[in-house]
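Topology and contacts: notes
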Amino acid sequence: MTAAAATRPDIRAARRLVVKIGSALLVDRETGLKTGWLTALAEDVAAARARGTDVILVSSGSIALGRILLNLPFAALPLEQSQAAAAVGQIRLARAYEEVLTPHNITAAQVLMTLEDTTDRRRYLNARATMETLLGLGVVPIVNENDTVATDEIRFGDNDRLAAQIAVTVGADQLVLLSDVDGFYSANPKEDPAAVRFEIVEHITPEIEAMAGDPVSGLSKGGMKTKLLAARTAVSGGCAMAIMEGSVARPLSALTAGANCTWFLPEGDPQAARKRWIAAMKPRGEVRIDAGAVEALSHGKSLLPAGVVRITGSFGRGEPVAVVAPSGEVLGKGLCRYTSTEARAIAGHRSGEIEAILGYPGRAALIHRDDMVL
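Because the structure is predicted, anything quoted here is derived from the model rather than measured.

Bringing the overall build of the protein chain into the picture now. Each helix and strand counted, the protein chain has 14 helices and 15 strands in total. By the compact-globule yardstick of 21 Å for 374 residues, the protein chain fits well, its C-alpha radius of gyration being 22 Å. Seen along its three principal axes, the alpha-carbon backbone of the protein chain occupies a region of about 65 × 50 × 40 Å. Per-residue burial over the protein chain gives 51% buried out of 374 residues. Contacts in the protein chain between residues far apart in sequence, at least 24 positions, make up 73% of those at least 6 positions apart. Of the accessible surface of the protein chain, which amounts to about 16400 Å², a share of 52% is contributed by carbon and sulfur atoms. Computing the positive centroid from 40 side-chain charges and the negative centroid from 42, the protein chain places the two 4 Å apart.

Structure representation (structure tokens):
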């Protein structure tokens, strides 16, 4: 379950970091938004960006903040009132993030998602492409569940699992859950004084799962069980995950300095995990390429339409296809960024001709190298 030999990850080494922020850290029932705490967190974000780390914040708090602004009770609300509170709280929350990040010359973007956005392949690819573009432009996305439209059937239900799914979607190597507990315990420490905190969890075993209780604050929804579910998603995608108590000023700096936490270690790295996922898929069609494209792929390039000779099969955007050499040898698999109909239309053409052929601008690569395993 734990091992002294295991090394505690260092967030200063993260290439891409996702940070989940719980409602109780952001919102006080009496005074509203905790501006001082959020201002200090922005310093941590700026420090990470200065190190060259991409940062994504998954923020709770919209409903909690909306309750205060609308003078709604802190009790179970009907769905329509929760969604109304979210609509009001989201705009205030987005403005707050903009206000604390702007002094650091950081642009913030609001991204609202539901479970459907990650389970539907087309929406998943759109979300991933948007996130990659924002990060490439130096933007810090602020992600929240789209509570204004989500129903129970399309909800994550908590931002712990949303954060883990975002981490896997963008290929993050570290995820930090800022919570009201300082790690994962053998039992609920509020009820059992003999409970022991784990420094590192190398494998999520049935024994570990049995230890998860349901400590929950008055403002948050995610208990330890949801955090464990988040950890399982994250580590299977090659992402290390930490649970820490986040109420201190500059919690990421505190984590770097050795603050109490529990790290769940990843299974491989994010890119390798994604490649395994693609390799396990059943192809829906074939993309036969020419010798020039074979050479380009051997040097780690993406597959461009100009190198495609023939498309067979019927597939949608984002579905797996086999990549086939002129000899008929299957070189590998990849997720096609176009439907089979679109791919046939642009096969053999340069990327600059795509808009004239399809009537709208498309992506330069038919299959991006990050979406391909050879």
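With that settled, the discussion passes to the sheet that holds strand β5 (residues 108–113). On the basis of which strands lie adjacent, the open sheet formed by eight strands has the order β5-β6-β4-β1-β7-β9-β10-β8 and mixed pairing. The outermost strands of the open sheet, each flanked by one partner alone, are β5 and β8 (200–201). By the bridge criterion, five bridges tie strand β1 (residues 16–21) to strand β7 (residues 174–179) in an arrangement that is parallel. Within the sheet, the bridge partner assigned to isoleucine 21 lies in β7 and is leucine 178. Together, β7, β9 (240–245) and β10 (262–264) form the strand contacts of helix α9 (residues 224–236), whose direction differs from that of β9 by roughly 155°.

Of all the six residues making up strand β4 (residues 54–59), six are buried; the element is thus mostly covered by neighbouring parts of the structure. Covered by surrounding structure in β4 are Asp54, Ile56 and Val58 together with Val55, Leu57 and Ser59, the residues of both alternating faces. Two strands pair when backbone bridges link them, and β1 and β4 are joined in this way by six bridges, in the parallel orientation. Considered in β4, the bridge of valine 19 is made with leucine 57. Relative to strand β6 (residues 140–145), β4 runs parallel, the two being bridged by two bridges. From the neighbouring strand, valine 58 faces β6, where its bridge partner is valine 143.

The full count for this structure, using the stated rule, is 14 salt bridges. Put simply, glutamate 319 and arginine 284 hold a salt bridge, and the shortest N to O gap is 3.1 Å. Of this pair, glutamate 319 sits in the loop between β12 (308–313) and β13 (320–324) while arginine 284 sits in the loop between α11 (270–279) and β11 (285–289), and the two are 35 residues apart along the sequence. For arginine 284, a relative accessible area of 44% gives the class partly exposed.

So, about the side chain of lysine 20. Examined against the element boundaries, lysine 20 turns out to sit in strand β1. Classification of lysine 20 as buried rests on a relative accessible area of 6%. In this structure the side chain of lysine 20 is engaged in a polar contact, spanning 3.1 Å, whose partner is the side chain of aspartate 160. With near-sequence residues (within four places) excluded, lysine 20 lies in contact with Val58, Ser60, Asn159, Asp160, Ala163, Val176, Leu177 and Leu178.

Inspection of the entire model under this criterion finds two aromatic pairs. On the basis of an interplanar angle of 70° and a centroid distance of 6.1 Å, the ring pair of phenylalanine 184 and phenylalanine 264 is categorised as edge-to-face. Taken as a pair, phenylalanine 184 in the loop between β7 and β8 and phenylalanine 264 in strand β10 lie far apart in primary sequence, 80 residues in all. Of the two residues, phenylalanine 184 and phenylalanine 264, neither departs from the other in class, the shared state being buried. The structure contains a cluster of three or more aromatic residues connected by ring pairs, namely Phe184, Phe198 and Phe264.

Spatially, the five strands line up as an open sheet ordered β12-β11-β13-β14-β15, and their pairing is mixed. Every other strand in the sheet has two partners, leaving β12 and β15 (372–373) as the edge strands with one partner each. Pairing between strand β14 (residues 330–335) and β15: two bridges, direction antiparallel. Paired with lysine 333 across the strands is valine 373, a residue of β15. Strands β14 and β15 of the sheet are contacted by α11, whose axis makes an angle of about 105° with β14. With respect to the sheet, helix α12 (residues 291–298) is in contact with β11, β13, β14 and β15, its orientation differing from that of β11 by roughly 100°.

Right, let's talk about the nonpolar core for a bit. Ile21, Leu26, Leu57, Val176, Leu178 and Trp263 are the most contacted members of the largest nonpolar core, which totals 39 residues. The biggest single contributor to this core is helix α2 (residues 35–50), with seven residues. Each residue touching tryptophan 263, except ones within four places of it in the same chain, is listed here: Arg8, Pro9, Ile11, Gln174, Leu175, Glu199, Ile200, Val201, Ala240, Met241, Ala242 and Leu255.

What follows deals with unusual backbone geometry. We note that asparagine 71 has phi near 60°; this positive angle belongs to a residue other than glycine. Along the chain, asparagine 71 falls in the loop between α3 (62–70) and α4 (79–101). Taking the relative accessible area as the measure of exposure, asparagine 71 reaches 70% and is therefore exposed. The phi torsion at arginine 250 lies on the positive side, around 55°, for a residue other than glycine.

Burial runs high along β1: six of the six residues are buried. Burial along β1 is two-sided: the residues Arg16, Val18 and Lys20 and Leu17, Val19 and Ile21 are all buried.

Take the side chain of glutamate 342 next. Structurally, glutamate 342 is set in helix α13 (residues 340–346). Apart from the residues lying within four places of it in its own chain, the contact partners of glutamate 342 are Leu358 and Tyr360.

To continue, consider the environment of proline 9. With respect to the helices and strands, the residue proline 9 is situated in the segment before β1. Ignoring sequence-local partners within four residues, the contact set of proline 9 consists of Gln174, Ala240, Trp263 and Leu265.

Criteria and thresholds
Here the residue numbers are simple positions, counted from 1 along each chain's written sequence. Under the rules for a predicted model, residues below a pLDDT of 70 receive no local features and side-chain atom pairs below 80 are neither given nor counted, while totals for whole chains, interfaces and linings still include all residues. Working from all heavy atoms in the structure, the side-chain values ignore hydrogens and water. Each helix is a run of DSSP H or I of at least 4 residues and each strand a run of E of at least 2, with the numbering of both proceeding from the N terminus. To get the radius of gyration, use the C-alpha atoms; to get the globule rule, take the number of residues to the power 0.38 and multiply by 2.2 Å. Throughout this description, buried means an accessible area under 20% of the type-specific maximum (1.4 Å probe, protein chains only), exposed means over 50%, and partly exposed covers the range between. The contact criterion used throughout is that any non-hydrogen atoms of two residues lie within 4.5 Å. Only the protein chains shown count as covering a residue, and every accessible area follows the Shrake-Rupley method with a 1.4 Å probe. Positive charges come from Lys and Arg alone, negative charges from Asp and Glu alone, with His and the N- and C-terminal ends not counted. The location of each charge is read from NZ of Lys, CZ of Arg, CG of Asp or CD of Glu. Here, strands pair whenever DSSP counts at least two bridges between them. An axis is simply a line fitted to the C-alpha atoms; with a helix, the fit covers only the stretch in contact. Between two such axes, the angle follows the N-to-C directions and lies from 0 to 180 degrees. Here a salt bridge means any side-chain nitrogen of Lys or Arg lying within 4 Å of a carboxyl oxygen belonging to Asp or Glu. We define a polar contact as two N or O atoms separated by no more than 3.5 Å, with the added condition that, inside protein, one atom must be a possible hydrogen donor and the other a possible acceptor, whereas residues neighbouring each other in sequence contribute only through side-chain atom pairs. Stacked, tilted and edge-to-face pairs are distinguished by plane angle, under 30 degrees for stacked and over 60 for edge-to-face with tilted covering the rest, among Phe, Tyr and Trp rings (Trp via its six-membered ring) whose centres lie within 6.5 Å. In these notes, a set of buried Ala, Val, Leu, Ile, Met, Phe, Trp, Tyr and Cys residues joined through side-chain atoms within 4.5 Å is what counts as a nonpolar core.

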